[in-house]
Amino acid sequence: MAQNNLFAHYKLPEYDSYITGLKLKNSLAGGELTKFIPIKGRQIKFYYCGPTVYSYTHLGHARTYVGIDVIRRTLKDYLGYDLISVMNITDIDDKIIKVANEQQVNFLEVTKVWEKEFFQSMESLNVQQPDVLTRVSDYVPEIITFIQKIIANGYGYVSNESVYFNAISYKEKHAYPKMRPQGGTEEEMLQGDGETQKNKQNEKKSNIDFVLWKKSQENEPKWDSPWGLGRPGWHIECSVMASEVLGNPIDLHAGGIDLQFPHHDNSIAQSEACFNCDQWINYFIHLGHLNIEGLKMGKSLKNFITIKEVLQRYTPRQIRLNFALHRYDQLMDYTELQMIESISKDKKFDSFLQRLNTYINSSIVTEAQKWQEHDLQLHELFRDRKAAIHEHILNNFDYPEAIKEVEKIITLINQFFDKKLHLKAPLLRQIHEYLLFFFNLLGLDYQKTILKEDKSRLDKLVQLRQDIKTHAKKKEFDQIIQLTTGDDEKFEQNFSNELVQIYNQFRQKANQLAKEQNFTEILNLTDQIRDQMLPNTIGVKVEDKQTESIWQQYDPNFLRIERESQIRLQGILAEKEQERLEKSKIPPSQLFLKDEKYSKFDNKGIPTHSQNGDELTKDQRNKLTQIYKDQEKDHKKYLKSIEKQVQEEKKPKQNKQKEQQEKTKG
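Residues numbered from 1 in each chain as written. Predicted model: local features only at pLDDT ≥ 70, side-chain atom pairs only at ≥ 80, totals over all residues. Heavy atoms only, no water.

Student: Give a detailed account of the pattern of salt bridges, specifying residues and quantitative values.
Tutor: Scanning the model with the defined rule gives 32 salt bridges in all. With its nearest N and O atoms 2.8 Å apart, the salt bridge here joins Glu188 to Arg180. Each member of the pair, Glu188 together with Arg180, is buried. Where Lys345 meets Glu407, a salt bridge forms, and the shortest distance between an N and an O atom there is 2.7 Å. Of the two residues, Lys345 sits in helix α11 (residues 336–362) while Glu407 sits in helix α13 (residues 399–418), which places them 62 residues apart along the sequence. Exposure class is identical for Lys345 and Glu407. Each is buried. Here the salt bridges share partners, and the residues they tie into one network are Arg465, Lys469, Asp527, Arg530, Asp531 and Asp544. (Salt bridge = Lys/Arg side-chain N within 4 Å of Asp/Glu carboxyl O. Buried < 20%, exposed > 50% of the residue type's maximum accessible area, 1.4 Å probe, protein only. Helix = DSSP H or I, 4+ residues; strand = E, 2+ residues; numbered from the N terminus.)

What follows is the structure, given as structure tokens:
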């Protein structure tokens, strides 16, 4: 398992009574897939790093905590583990103190505001709250005791009223750093200590030592300790809060890959120094970075996206589905085109589940139930895909591949529906329930809550619209008047009042227009019901077929976002087409000549040597040759379009000359 013995320190836990076959990409084992074995039966102790609360919750937070949410749901609801999860709130930190000083308020006033904003953002994304929430400010006495134990065990020392971790002494008996054996840079170590420690490096015995307790400075929160007034270092906070609730050892720890070194490695070292143990955490998993359109997210790059901002453009379900289409532990590049793909898939899943539910509800148990060939085929595919999904989930929560298996099930059922085959409702009900369960593991709620009264009214309204539309096309105004004459629907104390209002207004307006025999406006009215009133008000989308109209219910916000996304997509595609057109103007022989990455070219203009004068590899040359050929095709098309344009411009002149010649002859 170990890679060149760099990870020989890792010990797989001993087998217990509850093994599911789950394998995790374990950073403690060099990122290798490791069989997951809990310490005690079905019980799992899970700690994950929470936010430092001093500013808006952003898309990077969303990627991390949605990912952890899916992992928690899978462990509990799918694999059946008895899970306790702990998340911390870092409310003592250099950045928090800086904001508090700028605003001239107590640091806790800052953290309360932004902690509330964080949880509101998480709730809006359907992220479940942790079982236990810890705040650093509540655990300062425990942190002091923890540091005292580290000092007593010979792994900490006091210097100028601060306390440092003695990494050199620790390395004599323990592996350090465990997850990055090659170590880190001095800059990374300084970042871990924080801005306030940058000028205190002379207090350390070694440059790889790190701060456990910081001596008090002006305009900072401070607590009394055996070493004087001060506050905790960053790394010690998670060690203490995790250990206080979950003890030692802990089954599973998670956090962003950006925290792996030095934060997570130092947290492990401190805890093992305190407990004098060799393995405090058995499995450590890391969630990948999030880039925006190929770049690291940051305010300086003007691509910093808050969760509030992204929720104005997309629904929570679309955002979560986009994350689910990427492996949690890999780098993810967030793009507009990617989100449009997620919107398309979300709509496909929602429409299919509604179609399936409608079919099941309209089926009667007294119908023929003997399975035919297509029922057997569907059942076999369903069981096979379910088994494949199970294997993907066990493979380090590989949901992107699992979703592909779900799409195979949907495709086959849609094919059977399109062929008008009679599928057995009990089998479809089993599939429907499974798919809802699967999507719930991803935090995607496709369960509809339509009251029977609303369904009845919607059926009635859609049928009335269809009948009025049919009569209007035939100019049968008397029949429309007859259909729309009578008492209005009554309002009730439920959420269907908006539907009642639409129904009554439609009948009244259609009745008036029929009396005026204005069939054009009647048809416009039926279009308004379909395109504006129903989708914008109650999220119902009506689709007109040849002889009937069918309806499906969505979140009204979803339909608004869908329209806006289509407009954005058109803009993106137009922009890309313009870029392609501009590029097609360049002759292939000149395509690479101005590129500073290359220094020599062949007689066609294809690069042969890099900027440094190194000859390009065969693979690199083949890729560049293919780009050259593609450009050659595009440039030829461009030249043909110019030639055609010139010919089109000549036609009016030629026609005019012809007319003049004919007049002269006459």
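Student: An account of the sheet that holds strand β4 (residues 82–89) is requested, with residue identities and associated values reported.
Tutor: Read across the open sheet, the five strands follow the order β5-β4-β3-β10-β11; overall the sheet is parallel. The outermost strands of the open sheet, each flanked by one partner alone, are β5 (132–135) and β11 (281–287). Neighbour to neighbour, the strand axes of the sheet diverge by 20 degrees on average, direction disregarded. Here strand β3 (residues 43–48) runs beside strand β10 (residues 250–256); their pairing, made up of three bridges, is parallel. Each residue of the ladder has a partner; that of Tyr47, found in β10, is His253. In the packing of helix α1 (residues 59–78) onto the sheet, the strands contacted are β3, β4, β10 and β11, and the crossing angle to β3 comes to about 175 degrees. Of the strands in this sheet, β4 and β5 are in contact with helix α3 (residues 107–124), which crosses β4 at around 140 degrees. (Pairing = 2+ DSSP bridges. Axes fitted to C-alpha atoms, helices over the stretch in contact; angles between N-to-C directions. Contact = heavy atoms within 4.5 Å.)

Student: Explain the nonpolar core to me, and be specific about the residues and the numbers.
Tutor: Counting 134 residues, the largest nonpolar core has Leu59, Leu75, Phe165 and Ile413 as the members making the most contacts within it. Examining the composition of this core, we find that ten residues originate from one element, α13, more than from any other. With sequence-adjacent residues up to four places away left out, Ile413 is seen in contact with Phe352, Leu356, Leu378, Leu423, Leu428 and Ile431. Membership of the second largest hydrophobic core comes to 24 residues, among which are Ile468, Leu499, Ile502 and Ile529. (Core = buried A, V, L, I, M, F, W, Y, C linked by side-chain atoms within 4.5 Å.)

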